[in-house]
Amino acid sequence: MSEAATTDRVHVRAPGKINVFFEVGDLEEDGYHDVASAYQAVSAHEDVWAEASDRFTVSVSGTVEVSGVPLDDRNLAVRAARMLAAETGYPGGVHLEIRKGVPVAGGMGGGSADAAAALVACDALWGTGLPSADLHALAARLGADVPFALLGGTAVGTGRGDELSPALARGRFDWVIVTSGEGLSTPDVYRELDRHRQLHAADIAPVRRRPTVDPGVLQALRAGDPTALAATMRNDLQVAALRMRPALGAILERGERMGALAGIVSGSGPTLAFLAENEESAIDLQVVLSAEGHEALHVHGPVPGARVR
Ligand SMILES: C[C@](O)(CO)[C@H](O)COP(=O)(O)OP(=O)(O)OC[C@H]1O[C@@H](n2ccc(N)nc2=O)[C@H](O)[C@@H]1O
Ligand SMILES: Nc1ncnc2c1ncn2[C@@H]1O[C@H](COP(=O)(O)OP(=O)(O)OP(=O)(O)O)[C@@H](O)[C@H]1O
């Protein structure tokens, strides 16, 4: 195959994520909350192929339910491609083919992974050669989770979650993901948290001005110690997601009773992430939860960020 032919179509894979720790601070004037996130990129992933075109078009398929994904300019991958073209003065377009493996509107950053993949794929396809700091800045404009989908691995995110510093992690962590048929809207979950905090202001600890990742979480990640991580995992959005989907509480309890070290709502939910002691116990848990009628998936992390294949 000639050099030109190989650059007619670019394939990029980008990971979904789990927030193994997520502290939410106050609502800021820009409509975003200050957060502190410990992200882990996991093996549930999105594949995106970019092909030269005069227009901007997208097609979507996948191993997960994809009917909620927009096929027009609202698609985050198309917005990413258009933004890169506008930024670099690239005159043409692109056809993006997305194969989704991350549950839609599940709190695992699937749309963000598509956007990160589209940025990397179009940059390679068009030969725009944007420095990674510029790609990161575009990613942050597209959404709070998009920069992490570019970076991958394990990282701490502050600000909106987009100011990243890589974190050390040893070994691999095995997770069982339980998905729900219908997704939750991220802004709705943040709003529910604000409402809950207002209602219960007298009974709950005041929100910290500067959310910070618990050092115990970083130590557990560095040590590759799932038991220590399980003891320190936390997600401030969980209370809101559970108020919106009370049935998730029973599944969390069930997973923990059936062998998970701990279970947590992933990001804004409704996907649940159960941390297992090792690969074998993750497979056992996945089998048990599947037999009980849950949509359960075994994934592991950390894995790399958006990369050309
Ligand atoms: C829940 C998480 O997935 C955890 O990583 C993220 O915080 C959400 O990231 P995302 O989906 O990329 O979010 P964006 O698309 O940037 O924002 C969607 C909406 O979520 C709310 N939002 C998001 C991030 C943040 N730090 N504070 C917020 O309040 C805002 O209402 C915002 O309008
Ligand atoms: N490429 C895309 N893939 C999935 N959803 C998309 C995409 N582009 C736009 N959307 C819209 O974004 C909404 C959220 O999708 P996504 O799957 O990224 O949610 P999420 O995983 O909960 O996100 P996050 O964890 O970043 O909050 C969907 O309901 C859909 O309408």
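The shown structure was predicted, so the numbers you read here are calculated from the model rather than taken from an experiment.

Caption draft 1: Representation of the site of ligand 1 within the structure. In the region of ligand 1, 20 residues are neighbours, and Gly143, Ala144, Asp145, Pro187 and Gly267 sit closest. When the residues that make up the shell around ligand 1 are grouped by side-chain class, the tally is 6 nonpolar, 12 polar and 2 charged. In terms of domain composition, the shell around ligand 1 takes at least three residues from each of domain 1 (3-167) and domain 2 (173-301).

Caption draft 2: Fine view of the site of ligand 2. The full set close to ligand 2 counts 22 residues, and Leu76, Gly110, Gly111, Asp114 and Thr186 are the nearest of them. Those elements that provide at least two residues to the shell around ligand 2 are helix H2 (76-88) and helix H3 (110-126). By residue number, the principal contributor to the shell around ligand 2 is H3, which donates 4 residues. Here the residues of the shell around ligand 2 are counted per class, giving 7 nonpolar, 12 polar and 3 charged. Two domains each put at least three residues into the shell around ligand 2: domain 1 (3-167) and domain 2 (173-301).

Caption draft 3: Molecular detail of helix H10 (residues 247-257). Those residues of H10 that fall on the buried side of the exposure criterion are Leu248, Ile251 and Gly255. Buried residues of H10 fall within an arc of 60° about the axis and therefore sit on the same side. Set apart from the buried face of H10 by more than 90 degrees, the exposed residues are Ala250, Glu253 and Arg257. For H10, the elements touching its buried residues are strand E7 (173-179), helix H9 (238-244), strand E9 (262-265), strand E10 (272-276) and helix H11 (279-291). In the stretch just after H10, Gly259 is the one whose phi turns positive, near 120°.

Caption draft 4: Geometry of the domain arrangement of the protein. As far as domains go, the protein holds domain 1 (3-167) and domain 2 (173-301). The gap between the C-alpha centroids of domain 1 and domain 2 is 23 Å. On the side of domain 2, 39 residues touch domain 1, which itself brings 31 residues to the contact. If you list the elements that add at least two residues to the side of domain 1 that touches domain 2, you get strand E1 (9-27), strand E2 (33-53) and strand E5 (154-158). Partitioned by chemical class, the residues of the side of domain 1 that touches domain 2 number 18 nonpolar, 10 polar and 3 charged.

Caption draft 5: Examining the packing of H3 against helix H4 (residues 132-142) more closely. Where H3 meets H4, the axes come as close as 10 Å, and the angle between the chain directions of the two elements is 145°. Crossing geometry of H3 relative to H4 is assigned as right-handed. Facing H3, whose interface residues are Ala115, Ala116, Leu119 and Asp123, H4 presents Leu135, Leu138, Ala139 and Leu142. A class-by-class count of the residues in the contact of H3 with H4 yields 7 nonpolar, no polar and 1 charged.

Caption draft 6: Broad picture of the UniProt feature "binding site: ATP" (unreviewed entry) in the protein. Per the UniProt record, "binding site: ATP" (unreviewed entry) is found at Pro103, Val104, Ala105, Gly106, Gly107, Met108, Gly109, Gly110, Gly111, Ser112 and Ala113. One can find Gly111 in helix H3. Within the element layout of this structure, Ser112 appears in helix H3. Classification of Ser112 as buried rests on a count of 29 C-beta atoms within 10 Å. When near neighbours in sequence (up to four residues on either side) are disregarded, Ser112 contacts Leu76, Gly143, Asp145, Val146 and Ala149.

Caption draft 7: Here's a closer look at the pairing of E9. Side chains Ala262 and Ile264 project from E9 onto one buried face, and the interleaved Gly263 and Val265 project onto a second face that is buried too. In this sheet, E10 lies alongside E9 in antiparallel orientation, the contact comprising 4 bridges. Its bridge partner lying in E10, Val265 is registered against Leu272. Connecting E9 to the next strand, E10, in antiparallel fashion are 6 residues, including Gly267 with a positive phi near 55°.

Caption draft 8: Just the UniProt feature "active site" (unreviewed entry) in the protein, in detail. Cross-referencing UniProt, the feature "active site" (unreviewed entry) maps to Lys17 and Asp145 in the present numbering. Look at the named residues: they lie 129 residues apart in sequence, but the longest C-alpha span between them is just 8.9 Å, so in the fold they bunch up. Tracing the backbone shows Lys17 in strand E1. Discounting chain neighbours no more than four positions away, the residues touching Lys17 are Tyr39, Gln40, Ala41, Val42, Met108, Gly109, Asp145 and Phe148. Assignment of secondary structure puts Asp145 in the loop between H4 and helix H5 (146-151).

Thresholds, definitions, all that
Residues numbered from 1 in each chain as written. Chains lettered and ligands numbered in written order. Predicted model: local features only at pLDDT ≥ 70, side-chain atom pairs only at ≥ 80, totals over all residues. Near = placed C-beta within 6 Å. Nonpolar A, V, L, I, M, F, W, Y, C, P; charged D, E, K, R; others polar. Domains from an automatic or database assignment. Helix = DSSP H or I, 4+ residues; strand = E, 2+ residues; numbered from the N terminus. Buried ≥ 20, exposed ≤ 12 C-beta atoms within 10 Å, placed from the backbone. Arc of directions from axis to C-beta. Contact = placed C-beta atoms within 7 Å. Axes fitted to C-alpha atoms, helices over the stretch in contact; angles between N-to-C directions. Left-handed = near helix turned anticlockwise from the far one by under 90°. UniProt positions renumbered as here; feature names shortened; annotations may be inferred. Pairing = 2+ DSSP bridges.

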